[in-house]
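Summary of the model geometry
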Amino acid sequence: MAEDEVTLQGAIREKLVRAKEQWAREGRLLTGETASPQEQRLPPGQRLVQDFPVLDLGVQPDVRPERWRLRVEGLVEERVALDWDGFMALPQRDWTNDIHCVTAWSRYDNTWRGVAARDLLMLARPKPEARFVVFHSYDGYTTNVPLAVFAAEDALVAHSWNGAPLSRQHGGPARIVIPRYYFWKSAKWVTRIELLAEDWPGFWEVRGYHNNADPWREERYG
Ligand SMILES: Nc1nc2c(c(=O)[nH]1)N[C@H]1C(S)=C(S)[C@@H](COP(=O)(O)O)O[C@H]1N2
Ligand SMILES: [Mo]
């Protein structure tokens, strides 16, 4: 497995994980409001920041592009396995969107460059029974979304942020970006995209966080 070829530094911060589980039990930060992006740019309960906070489990895998692999597998007609050159040879596109983290910071106007999820799915050709996606990352993190959300035009695998290669702390060499959901759905250091018939809740989803994670509906915990 590609995951085994990458050295991990640090250990999962169990105290931090337990603190975030406690937030979920308490319903911390919940305002009980909903809103729509047409009415206001900032979702309920969020505050705008100018910096770019770093959130992870305490492990930031050191994945050199030469060692990085991206697989699209599971319920696909064609398993896809890309190395860095193969990934960079796919059509490159640009996106600009806002980030909303469940810990209540939002950051506007992030520009990303990378490969459209749709282009990866066109290569893999999902089987008709595929309905969910799980992202697997080099740090052992997982998170899940409906296939329809990953197949939407705003979902991507990003390798650059605001004009520069994505830094290691933000998930470089490549991460998922799913802008319509809280940022925990945007897996950093992604290596495997698995298509499934049944939903498979990921790391935070099994620890009290909402399965769907729509910031406009304040789907923080579930
Ligand atoms: N592989 C991996 N991806 C991850 C995480 C993680 O711990 N590991 N944390 C998630 C959470 S909770 C958030 S808010 C964002 C943070 O991304 P950033 O550090 O670039 O701000 O990454 C998400 N993706
Ligand atoms: Mo987060």
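That block above? That's the structure.
Read on for a plain summary of the structure.

Parameters and conventions
- Residues numbered from 1 in each chain as written.
- Chains lettered and ligands numbered in written order.
- Predicted model: local features only at pLDDT ≥ 70, side-chain atom pairs only at ≥ 80, totals over all residues.
- Heavy atoms only, no water.
- 1 Å grid on protein atoms, 1.4 Å probe; cavity = no way out; pocket = protein on both sides within 12 Å on 5 of 7 lines; lining within 4 Å.
- Points joined across faces, edges and corners; volume = space filled by probe spheres on them.
- Helix = DSSP H or I, 4+ residues; strand = E, 2+ residues; numbered from the N terminus.
- Buried < 20%, exposed > 50% of the residue type's maximum accessible area, 1.4 Å probe, protein only.
- Polar contact = N/O pair within 3.5 Å; in protein donor to acceptor, adjacent residues only side chain to side chain.
- Contact = heavy atoms within 4.5 Å.
- Pairing = 2+ DSSP bridges.
- Axes fitted to C-alpha atoms, helices over the stretch in contact; angles between N-to-C directions.
- Salt bridge = Lys/Arg side-chain N within 4 Å of Asp/Glu carboxyl O.
- Phe/Tyr/Trp six-rings, centres within 6.5 Å; stacked < 30°, edge-to-face > 60°.
- Lys NZ or Arg CZ within 6 Å of the ring centre and 35° of its normal.
- Near = heavy atom within 4 Å.
- Areas by Shrake-Rupley, 256 points an atom, 1.4 Å probe, with all protein chains shown as cover.
- Sits in = over half its atoms within 2 Å of the grid points.
- Nonpolar A, V, L, I, M, F, W, Y, C, P; charged D, E, K, R; others polar.

Observations regarding the layout of surface pockets
Here the largest pocket defines a volume of roughly 410 Å³. Taken together, 26 residues line the largest pocket, and the ones lying closest to its centre are Leu55, Asp56, Tyr141, Trp184 and Lys188.

Brief notes about the side chain of Thr103
When you line up the elements, Thr103 lands in the loop between strand S4 (93-100) and strand S5 (105-116). On the accessibility criterion, Thr103 (15% relative accessible area) is buried. A distance of 3.3 Å separates the side chain of Thr103 from the side chain of Trp105, its partner in a polar contact. Ignoring anything within four residues of it in the chain, the contact list for Thr103 reads Lys20, Trp23, Leu29, Arg47 and Leu55.

Structural notes on the pairing of S4
As judged from the 7 bridges shared by S4 and S5, these two strands associate in the antiparallel manner. What sits directly across from Asp94, in S5, is Arg113. Connecting S4 to the antiparallel partner S5 that follows it, the hairpin turn spans 4 residues, and Ala104 within it adopts a positive phi of roughly 90 degrees.

Concerning unusual backbone geometry
Cis peptide bonds are those with omega within 30 degrees of zero, and the linkage from Gly172 to Pro173 qualifies with 15 degrees. Located in the positive-phi region is Asn162, a residue other than glycine, with phi close to 45 degrees. Position of Asn162 among the secondary structure elements: in the loop between strand S8 (156-161) and strand S9 (164-165). In this structure, Glu218 is a non-glycine residue whose phi angle is positive, near 50 degrees. By secondary structure assignment, the location of Glu218 is in the segment after strand S11 (190-196).

Considerations on the sheet that holds strand S2 (residues 69-74)
Here we have 5 strands laid out as an open sheet, ordered S3-S2-S11-S6-S7, and mixed in their pairing. Every other strand in the sheet has two partners, leaving strand S3 (80-83) and strand S7 (142-146) as the edge strands with one partner each. Each neighbouring strand pair of the sheet contributes to a mean axis angle of 15 degrees, computed without reference to strand direction. Against the sheet, helix H3 (residues 117-124) contacts S2, S3 and S11, and its axis sits at roughly 125 degrees relative to S3.

A short note on the pattern of salt bridges
Counted according to the given criterion, the structure contains 13 salt bridges. With a shortest N-O distance of 2.9 Å, Arg41 and Asp109 are connected by a salt bridge. Remark: Asp109 occurs in strand S5 and Arg41 occurs in the loop between helix H1 (14-26) and strand S1 (47-48); sequence separation between them is 68 residues. For Asp109, a relative accessible area of 44% translates into the label partly exposed. A salt bridge links Arg180 to Asp154; its shortest N-O distance comes to 3.3 Å. Here Asp154 lies in the loop between helix H4 (147-150) and S8 and Arg180 lies in the loop between strand S10 (175-177) and S11, a separation of 26 residues in the sequence. Within the structure, one salt-bridge network assembled from shared partners comprises Arg41, Asp98 and Asp109.

Observations regarding the packing of aromatic side chains
As enumerated under the stated definition, the model contains 13 aromatic pairs in all. When the centroid spacing of 5.2 Å and the interplanar angle of 80 degrees are considered together, the rings of Trp68 and Trp84 count as edge-to-face. Separated by 16 residues along the polypeptide, Trp68 in the loop between S1 and S2 and Trp84 in helix H2 (residues 84-88) bring together distant segments of the chain. What links up through ring pairs into an aromatic cluster is the set Tyr141, Tyr182, Trp184, Phe203, Trp204, Tyr209 and Tyr221. The lysine or arginine in question, Lys20, covers the ring of Trp204, its NZ or CZ lying 4.6 Å from the ring centre. One residue, Arg28, lies across the ring of Trp23, its end atom 4.0 Å from the ring centre.

Side note on the site of ligand 1
Near ligand 1, the surroundings consist of 21 residues, among which Pro53, Asp139, His170, Arg175 and Lys188 are the closest. Taking Leu55, its main chain carries an N or O atom lying 2.9 Å from an oxygen atom of ligand 1. Within the side chain of His170, one N or O atom sits 2.6 Å away from an oxygen atom of ligand 1. In isolation ligand 1 has 530 Å² of accessible area, and contact with the protein removes 99% of it. In this structure the site holding ligand 1 corresponds to the largest pocket. When the residues that make up the shell around ligand 1 are grouped by side-chain class, the tally is 13 nonpolar, 3 polar and 5 charged.

Functional significance is not addressed by these values, which are geometric in nature.
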